[in-house]
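# Close look at the chain arrangement
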Amino acid sequence: MSTAMNSFSSKVAIITGGGSGIGKEVAIRLVKAGASVVIGGRDETKLKRAAAEIDPIGANVRISAVDIASPSTAKSLVDVTTQTFGGVDILINNAGVFLPKPFIDLSESEYDWFLDTILKGKFFMAQAAAKAMKLRGGGSIVQTGSLWALQAIGATPSSAYSAANAGVHALTRNLAIELAQSGNKAKAKRYFECLMKIAGQSTARPELAQARAFLAANP
């Protein structure tokens, strides 16, 4: 294990979308490296199964079944994490959704679903975590973005998804400037999340989980 991965002793992380895929794999790596984690997601049953894989003993993992699209979720995740483990050092802002649909057929409620989950959810989760991190002298915020924010793919029409993720990339650039003064580091890691979702796969690519853990350890 690398020196970077050994640096998580006594660190505390919140991982949204932590019940499967990349989120779960990051949690496994962080716990193995000495961190405590709280994983969030909408499916409590899935979260419980993930927690058993992340830390079979159960000492260094907690779950919170919440919908990241609601701003109150961010505060509740931070509160649970602080009450259980004493504070927040790392946020892996990973939750997202993907469903290809032609632009001309997209409804207002579907548009809101993408924007609320991907952009609004990440915005208020980062805000709540940054406030908590400030109390501990700073921390790391790793945002999951998408290549679909930078390019259009004809085979997967995704206007609302792409627009929401473009907002995440812009948000992250702004946070990197604003939060640097308070010791927080905001970063974005783009990956082909949508390709995995389209294929119906929930398996995580280990190198992507490793990259997120590395970013969290190396501001």
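Scroll up to find the structure.
In short, a report on the structure. (Residues numbered from 1 in each chain as written. Predicted model: local features only at pLDDT ≥ 70, side-chain atom pairs only at ≥ 80, totals over all residues. Heavy atoms only, no water.)

### Describing the packing of helix α3 (residues 71-85) against helix α4 (residues 108-134)
To be explicit about the condition: Between N-to-C directions, angles span 0 to 180 degrees; the directions come from axes that are lines fitted to C-alpha atoms, helices contributing only their stretch in contact. Numbered from the N terminus, helices here are DSSP runs of H or I no shorter than four residues, and strands are runs of E no shorter than two. Two helices crossing with the near one rotated counterclockwise from the far one by less than a right angle form a left-handed crossing, whereas a clockwise rotation gives a right-handed crossing. When checking whether two residues touch, look at their non-hydrogen atoms; a contact exists if any pair is within 4.5 Å. By the convention adopted, Pro, Cys, Tyr, Trp, Phe, Met, Ile, Leu, Val and Ala count as nonpolar, Lys, Arg, Asp and Glu as charged, and the other residues, Gly among them, as polar.
Where α3 contacts α4, the axes come no closer than 8 Å and their chain directions differ by 35°. Judged by the sense of rotation from one axis to the other, the crossing of α3 with α4 is right-handed. Taking contact as the criterion, the partners of P71, A74, K75, L77 and V78 in α3 are, on α4, K120, F124, M125, A128, A129 and A132. For the contact of α3 with α4, the residue count by class is nine nonpolar, no polar and two charged.

### Description of the nonpolar core
Put simply, the test is: Side-chain atoms within 4.5 Å link the members of a nonpolar core, which is a set of buried Ala, Val, Leu, Ile, Met, Phe, Trp, Tyr and Cys residues. When accessible area is computed with a 1.4 Å probe and restricted to protein chains, residues below 20% of their type maximum are described as buried, those above 50% as exposed, and intermediate ones as partly exposed.
Core analysis: the biggest nonpolar cluster contains 23 residues, and I14, L77, V78, L91, M125 and I141 have the highest contact counts within it. For this core, the leading source of residues is α4, giving seven residues. Ignoring anything within four residues of it in the chain, the contact list for I14 reads V38, L77, V78, T81, V88, I90, L91, I92 and M125. Residues A27, V31, A33 and A35 belong to the second largest nonpolar core, which totals 21 residues.

### Side note on the pattern of salt bridges
The criterion, for reference: When a carboxyl oxygen of Asp or Glu is within 4 Å of a side-chain nitrogen of Lys or Arg, the pair counts as a salt bridge.
Considering all chains together, one arrives at six salt bridges under this definition. The salt bridge partner of E25 is R29, with a shortest N-O separation of 3.0 Å. Remark: R29 and E25 occur in helix α1 (residues 21-32); sequence separation between them is four residues, near one turn of the helix. Between K101 and E110 there is a salt bridge, with its nearest N and O atoms 2.6 Å apart. Using a relative accessible area of 25% as the deciding quantity, one classes K101 as partly exposed. Residue class for E110 comes out partly exposed when judged on its relative accessible area of 22%.

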